[in-house]
Amino acid sequence: MKTEMLYGIHPVYEVLASRRRNIYAIYLQKDSQSDRIHRLASLAANRGIPVKTVGSGYLKGLVGTAGHQGAAARVDPLPLTAVSDLLAAAGAKGGTYFVLILDNLLDPQNLGAILRTAVCVGIDGVILPKDRSAPPTPAVSKASAGALEHIFLSRVTNLVQAIKHCQKSGLWVVGLDKGAEQSLYDGDLTGSIALVLGGEQKGIRPLVRKNCDFLVSIPQRGALDSLNVSVAAGVAMYEALRQRQMNVECAKGDG
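Computed from a predicted model, the values in this text were never measured in an experiment.

K.L.:
What is the right way to look at the layout of surface pockets in this model?
P.N.:
Once rolled over the atoms, a probe with the size of a water molecule shows which space is left empty. Approximately 450 Å³ is the volume attributed to the largest pocket. Lining the largest pocket are 22 residues, and of these Lys-178, Gly-199, Gly-203, Ser-226 and Leu-227 sit closest to its centre. Here the lining of the largest pocket is built from residues that sort into seven nonpolar, nine polar and six charged.

K.L.:
Honestly, the pairing of strand β2 (residues 23-29) in this entry has me stumped. Any pointers?
P.N.:
Of all seven residues in β2, five are buried, a share of seventy percent or more. Pairing of β2 with strand β4 (residues 71-75), which is carried by five bridges, proceeds in the antiparallel orientation. By the bridge assignment for β4, Tyr-27 is matched with Ala-72.

K.L.:
Sorry if this is basic, but what is going on with the packing of aromatic side chains here?
P.N.:
This model, assessed by the stated rule, comprises zero aromatic pairs. Just above the ring of Phe-152 sits the side chain of Arg-20; from NZ or CZ to the centre is 5.6 Å. The ring of Phe-98 has Arg-244 sitting right over it, with the charged end atom 4.6 Å from the ring centre.

K.L.:
What am I meant to see in the pattern of salt bridges here?
P.N.:
Between side chains of opposite charge, pairing is possible as soon as their charged atoms come close. Summed over all chains, the structure comprises six salt bridges. We note a salt bridge from Asp-103 to Arg-205, for which the minimum N-O separation is 2.7 Å. Of this pair, Asp-103 sits in the loop between β5 (98-102) and α5 (108-121) while Arg-205 sits in the loop between β9 (193-197) and α8 (206-210), placing them 102 residues apart in sequence. Given the relative accessible area of 0%, Asp-103 is considered buried.

K.L.:
For this particular structure, what's the right way to read the sheet that holds strand β3 (residues 51-54)?
P.N.:
What holds strands together in a sheet is hydrogen bonding between their backbones, with the strands either parallel or antiparallel. What the four strands build is an open sheet, ordered β1-β4-β2-β3; its pairing is mixed. Taken across any chain shown, the strands that pair with only one partner, and hence form the sheet edges, are β1 (4-7) and β3. In this sheet, adjacent strand axes meet at a mean angle of 25° when their direction is disregarded. The sheet contacts of helix α1 (residues 9-18) involve β1, β2 and β4, and relative to β4 the element is tilted by about 45°.

Calculation notes
- Residues numbered from 1 in each chain as written.
- Predicted model: local features only at pLDDT ≥ 70, side-chain atom pairs only at ≥ 80, totals over all residues.
- Heavy atoms only, no water.
- 1 Å grid on protein atoms, 1.4 Å probe; cavity = no way out; pocket = protein on both sides within 12 Å on 5 of 7 lines; lining within 4 Å.
- Points joined across faces, edges and corners; volume = space filled by probe spheres on them.
- Nonpolar A, V, L, I, M, F, W, Y, C, P; charged D, E, K, R; others polar.
- Buried < 20%, exposed > 50% of the residue type's maximum accessible area, 1.4 Å probe, protein only.
- Helix = DSSP H or I, 4+ residues; strand = E, 2+ residues; numbered from the N terminus.
- Pairing = 2+ DSSP bridges.
- Phe/Tyr/Trp six-rings, centres within 6.5 Å; stacked < 30°, edge-to-face > 60°.
- Lys NZ or Arg CZ within 6 Å of the ring centre and 35° of its normal.
- Salt bridge = Lys/Arg side-chain N within 4 Å of Asp/Glu carboxyl O.
- Axes fitted to C-alpha atoms, helices over the stretch in contact; angles between N-to-C directions.
- Contact = heavy atoms within 4.5 Å.

Nothing here speaks to function; it is geometry throughout.
Spelled out as structure tokens, the structure:
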């Protein structure tokens, strides 16, 4: 049976809260005076999940890092969602789709930071390629402050085919590309969209870029000509959220 070790207070709390994975044991640092550690112990006990109190050094050896914050959990791997199921779940909620597609994103810290923002803005799901992408590891869950536990995540063999599936389902595919002439703030992000972001070094791959419906860029000033991808993702997702909220408010006013 394949399992993995989540670590950090937020990931352990969120895996308990989301109830999406089987949890086989919770490991907590003994003699901890942290109220958050005590809360985790209580939540696990209420669920009938075994709680083991261990030393900090044992925890470090268990998870492979000193950044465990006194908490870890042995769990099943994150359940993945097919693109068709992701879109069906989003459609069942009504309204417009808001999907994130990440191409060639290799840094687990960046992936975690993006997923944290994605949960905050209400993204319906995230699509990643199986190759040329950071997988959804415990390090990603830690970097996301546990947000990974609440994301519908698809990993696909062919990202272009996933894009075409989104388009056939009525989504406009919007690529974020620093060379695009149209500003992010001039693009229409109010409808059903899949927002595509590229990796840390090369951005969106040419074939993926070619299959986007349109491209937008983030206006920049100053000596540097690029943003960290997680920052760029945050800017783009919150601009989409702003436009979508404005659109809803305008519709209410017209009614």
